[in-house]
Amino acid sequence: MSMSGGFEGSFLGDASKLKDSDRLECGICWAVYDPALGDEHWGIPPGTPFTALPEHWRCPQCDAPQHKFMVLADD
């Protein structure tokens, strides 16, 4: 799993509690990573869960590291 350092925003940093479909929001600039869309900026294909992002992936808008992302509540 690429998030060996955990993330601070949700589940006390326990990435194993993330669902593949979870959307996460950057705690710095509020950009949303939606696995259904992927990330064109970093060449991440649609269908890629947040936990499968490569270690070098950072927020495409503000360059924040992965651990700054928080799970968005389901609608």
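Since the model is a prediction, treat every value here as computed from it, not as a measurement.

**Digging into the overall build of the protein**
Of regular secondary structure, the protein possesses 0 helices and 3 strands. Start at the N end of the protein and walk to the C end: the helices and strands fall as β-β-β. Counting across all 75 residues of the protein, residues that qualify as buried make up 37%. Long-range pairs, those at least 24 residues apart, make up 51% of the contacts in the protein with a sequence separation of at least 6.

**Observations concerning the nonpolar core**
Core analysis: the biggest nonpolar cluster contains 12 residues, these being Leu18, Leu24, Cys26, Ala31, Tyr33, Ile44, Phe50, Leu53, Trp57, Cys59, Ala64 and Phe69. Dropping the residues within four chain positions of it, Cys26 is found in contact with Ala31, Cys59, Cys62, Ala64, Lys68, Phe69 and Met70.

**Quick look at the packing of aromatic side chains**
Any two aromatic rings considered together are summarised by their centre-to-centre distance and by the angle between their planes. On inspection of all chains with the given rule, the structure shows 5 aromatic pairs. For the ring pair Tyr33 and Trp57, a centre distance of 5.5 Å and an interplane angle of 70° mean the geometry is edge-to-face. On the criterion of sequence distance, the pair formed by Tyr33 in strand E2 (residues 32-33) and Trp57 in the loop between E2 and strand E3 (69-71) is long-range, its members being 24 residues apart. There is no split in this pair, since Tyr33 and Trp57 are both buried. Between Phe50 and Phe69, the aromatic rings sit 5.5 Å apart at their centres with planes inclined by 40°, giving tilted as the arrangement. Taken together, the residues Phe50 in the loop between E2 and E3 and Phe69 in strand E3 connect sequence positions 19 residues apart. With respect to class, Phe50 is no different from Phe69; both count as buried.

**Things to note about the pattern of salt bridges**
According to the stated counting rule, one finds 2 salt bridges in the structure shown. When the shortest N-O distance is used, the salt bridge between Lys19 and Asp22 registers 3.9 Å.

**Quick look at the confidence of the model for the protein**
The share of residues in the protein with pLDDT of 70 or more is 80%, and the mean pLDDT across the chain is 86. The least confident element of the protein is E3, whose mean pLDDT is 92; the most confident is E2, at 97. Predicted confidence for residues 1-6 stays below pLDDT 50, and this span has 17 contacts to residues more than four positions away or in other chains.

Quick notes on the rules
Residues numbered from 1 in each chain as written. Predicted model: local features only at pLDDT ≥ 70, side-chain atom pairs only at ≥ 80, totals over all residues. Heavy atoms only, no water. Helix = DSSP H or I, 4+ residues; strand = E, 2+ residues; numbered from the N terminus. Buried < 20%, exposed > 50% of the residue type's maximum accessible area, 1.4 Å probe, protein only. Contact = heavy atoms within 4.5 Å. Core = buried A, V, L, I, M, F, W, Y, C linked by side-chain atoms within 4.5 Å. Phe/Tyr/Trp six-rings, centres within 6.5 Å; stacked < 30°, edge-to-face > 60°. Salt bridge = Lys/Arg side-chain N within 4 Å of Asp/Glu carboxyl O. pLDDT = per-residue confidence, 0-100.

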